[in-house]
Amino acid sequence: MTLSLNDLPLRDDLRGLTPYGAPQAPLPIALNVNENTHQIPDAVASDILDDIAVAIRDVNRYPDREFTALREAFAEYLAHGLAPEQIWAGNGSNEVLQHILQAFGGPGRTAFGFAPTYSMYPLIAQGTGARWIAGTRQPDYTITPEEAAEQVRAADPDVVILCSPNNPTGTPLGLDVVEAVYEAARGIVIVDEAYQEFAPRDAVSALTLLDGRPRLAISRTMSKAFAFAGARVGYLAADPAFIDALRLVRLPYHLSALTQAAAVAALRNADVMLGMVEDIVEQRDRITATLEALGYTPHESWSNFVLFGGVADPRATWQQLYDRGVLVRDVGIPGHLRVSAGTEAETTAFLDALASIGSAS
């Protein structure tokens, strides 16, 4: 007898939901989940392996529960006068966000974000028992400070998540929006800067707003700019009291000694690792220009991907690209598809495949 979820005593609020999942198909060109498709430079990989080799000697012991060396490395990397006690980390930024929702959300509470945005936000909220409330954006996916504050006041959420730049649209978010939302909110405000390293160099991070705002947290990840998606390392900066709250809900020893060693070594090589960002931005801009030439409507992106409209039948175009060995993402926005910026060769493969299908109608 084969059981289904309906046969198990699942929580009522989880019934009918589907787990997060992007297609993982064995295609030669996979540009669907915003990975950094550049491999870690050999010299950096060797340095990371050296640190892992040292760490594994003590793997019979529990790791540093407070991941002290890693927090120090993150504080140095983020700068802005941050101290290690203002840093938190987890197994990917999703776990960091889950810690926040466990501490400040939960049953009887609400979490809010401006749709369309990262599809994991409502899943993390629901998984921790909070109710998700979706706000709205302008047709070009921007948000004005006035509209943002009005929507937050009306929803009165316990947690607000602002994705900057936004996924899946790539849209930048002004610091004036963050300030307006913080003033309008009574609860926690998270700015998810997973793609911040791909923004223009003169773009100012929300890290500059932390001082004097104890309910504000800035989340980052090593998955994108650092090409560390498989290592699963996310982190945030906030007031030390905010960090104390996360200790209440984290599992003991949640970051392995090997993860800590690998991340510290990668951060030590930050200059080399971030050297990939310039090439990715170049390929992103190349995608945008070529999409326009083919008659599509790419949206402004400060990330490592491009959302483009003018797709008459997204499902059919997705399949045609798939049949040509290229995997992109249908994010469920009518008339749109999303593609990650890969290496020069991968980007060329995507653009050639799309051109072979024909120009936008």
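Residues numbered from 1 in each chain as written. Predicted model: local features only at pLDDT ≥ 70, side-chain atom pairs only at ≥ 80, totals over all residues. Heavy atoms only, no water.

Asks: Please set out the UniProt feature "modified residue: N6-(pyridoxal phosphate)lysine" (unreviewed entry) in the chain residue by residue, giving values where relevant.
Replies: The residues that UniProt annotates with the feature "modified residue: N6-(pyridoxal phosphate)lysine" (unreviewed entry) are Lys-224. Tracing the backbone through its elements, the reader meets Lys-224 in the loop between β7 (216-221) and β8 (234-238). On the basis of relative accessibility, which here comes to 14%, the residue Lys-224 falls in the buried class. Non-local contacts of Lys-224, meaning those with residues more than four positions away in its chain, are made with Val-33, Asn-34, Asn-36, Ala-194, Tyr-195 and Phe-198. (UniProt positions renumbered as here; feature names shortened; annotations may be inferred. Helix = DSSP H or I, 4+ residues; strand = E, 2+ residues; numbered from the N terminus. Buried < 20%, exposed > 50% of the residue type's maximum accessible area, 1.4 Å probe, protein only. Contact = heavy atoms within 4.5 Å.)

Asks: Mind laying out the sheet that holds strand β12 (residues 337-340), listing which residues take part and the relevant values?
Replies: Spatially, the three strands line up as an open sheet ordered β9-β10-β12, and their pairing is antiparallel. Each edge of the open sheet is held by one strand with a lone partner, namely β9 (297-298) and β12. Judged from the four bridges that link them, strand β10 (residues 305-309) and β12 form a sheet pairing that is antiparallel. Looking at β12, one finds that Leu-307 is bridged to Arg-338. The strands that helix α10 (residues 275-293) touches are β9, β10 and β12; relative to β10, the one it contacts most, it runs at about 15°. (Pairing = 2+ DSSP bridges. Axes fitted to C-alpha atoms, helices over the stretch in contact; angles between N-to-C directions.)

Asks: Account for the pattern of salt bridges, with residues named and values stated.
Replies: A full pass over the atoms with the stated rule returns 15 salt bridges. Note that Arg-213 is salt-bridged to Glu-179, the shortest N-O span being 3.6 Å. Separated by 34 residues along the polypeptide, Arg-213 in the loop between β6 (188-192) and β7 and Glu-179 in helix α6 (residues 175-184) bring together distant segments of the chain. What makes Arg-213 buried here is its relative accessible area of 19%. A relative accessible area of 33% means that Glu-179 is categorised as partly exposed. The shortest N-O distance in the salt bridge between Arg-220 and Glu-193 comes to 2.9 Å. Placement of Arg-220 in strand β7 and of Glu-193 in the loop between β6 and β7 is noted, with a sequence separation of 27 residues between them. For Arg-220, a relative accessible area of 7% puts it in the buried group. Each of Glu-66, Arg-71, Asp-244, Arg-247 and Arg-250 takes part in a single network of salt bridges with overlapping partners. (Salt bridge = Lys/Arg side-chain N within 4 Å of Asp/Glu carboxyl O.)

Asks: Run through the pairing of strand β3 (residues 110-114), naming residues and quoting values.
Replies: Among the five residues that make up β3, five are buried, leaving the element largely enclosed by the rest of the structure. Burial of β3 is two-sided: the residues Thr-110, Phe-112 and Phe-114 facing one way and the residues Ala-111 and Gly-113 facing the other way are all buried. Bridge analysis of β3 against strand β4 (residues 131-135) gives five bridges, and the strand direction is parallel. When the bridges of β4 are listed, Gly-113 appears paired with Ala-134. Handedness of the crossover joining β3 and β4 through helix α4 (residues 120-127): right-handed. Pairing of β3 with strand β5 (residues 159-163), which is carried by three bridges, proceeds in the parallel orientation. The partner of Ala-111 across the bridge, within β5, is Val-159. (Right-handed = clockwise from strand over helix to strand, strands pointing away.)

Asks: For the side chain of Thr-117, give the residues involved together with the corresponding values.
Replies: Structurally, Thr-117 is set in the loop between β3 and α4. Polar contacts involving the side chain of Thr-117 include one to the side chain of Asn-166, which spans 2.8 Å. (Polar contact = N/O pair within 3.5 Å; in protein donor to acceptor, adjacent residues only side chain to side chain.)

Asks: Could you give an account of unusual backbone geometry, naming the residues involved and the relevant values?
Replies: Backbone torsion omega between Ala-115 and Pro-116 reads -5°, so that peptide bond is classified as cis. Mapped onto the elements, Pro-116 comes out in the loop between β3 and α4. Here the amide bond leading from Ser-164 into Pro-165 is cis, since omega sits at -5°, within 30 degrees of zero. Locating Pro-165 in the fold gives a position in the loop between β5 and α6. In this structure, Ala-227 is a non-glycine residue whose phi angle is positive, near 55°. Inspection of the secondary structure puts Ala-227 in the loop between β7 and β8. Residues other than glycine seldom take positive phi values, yet Arg-232 does so here, at roughly 60°.

Asks: How would you summarise the sheet that holds β8 if you had to cite specific residues and measurements?
Replies: Taking strand neighbours across the sheet as the criterion, the seven strands line up as β2-β8-β7-β6-β5-β3-β4 in an open arrangement whose pairing is mixed. The two strands at the open ends of the sheet, each matched to only one other strand, are β2 (87-90) and β4. Between one strand axis and the next, the sheet turns by 25° as a mean value, whatever way the strands run.

Asks: Pulling in residues and values, what's your account of a negative patch on the surface?
Replies: Together, Glu-146, Glu-147, Glu-150 and Asp-176 make up a negatively charged patch on the protein surface. In terms of residues, the negative patch owes the most to one element, helix α5 (residues 145-155), which gives three residues. Mapped onto the elements of the fold, Glu-147 is located in helix α5. Accessibility expressed as a relative area gives 33% for Glu-147, which makes it partly exposed. (Patch = residues over 30% accessible without salt bridge, like charges linked within 9 Å, V, L, I, M, F, W, Y side chains within 5 Å. Areas by Shrake-Rupley, 256 points an atom, 1.4 Å probe, with all protein chains shown as cover. Lys, Arg positive; Asp, Glu negative; His and termini not counted. Charge placed at Lys NZ, Arg CZ, Asp CG, Glu CD.)

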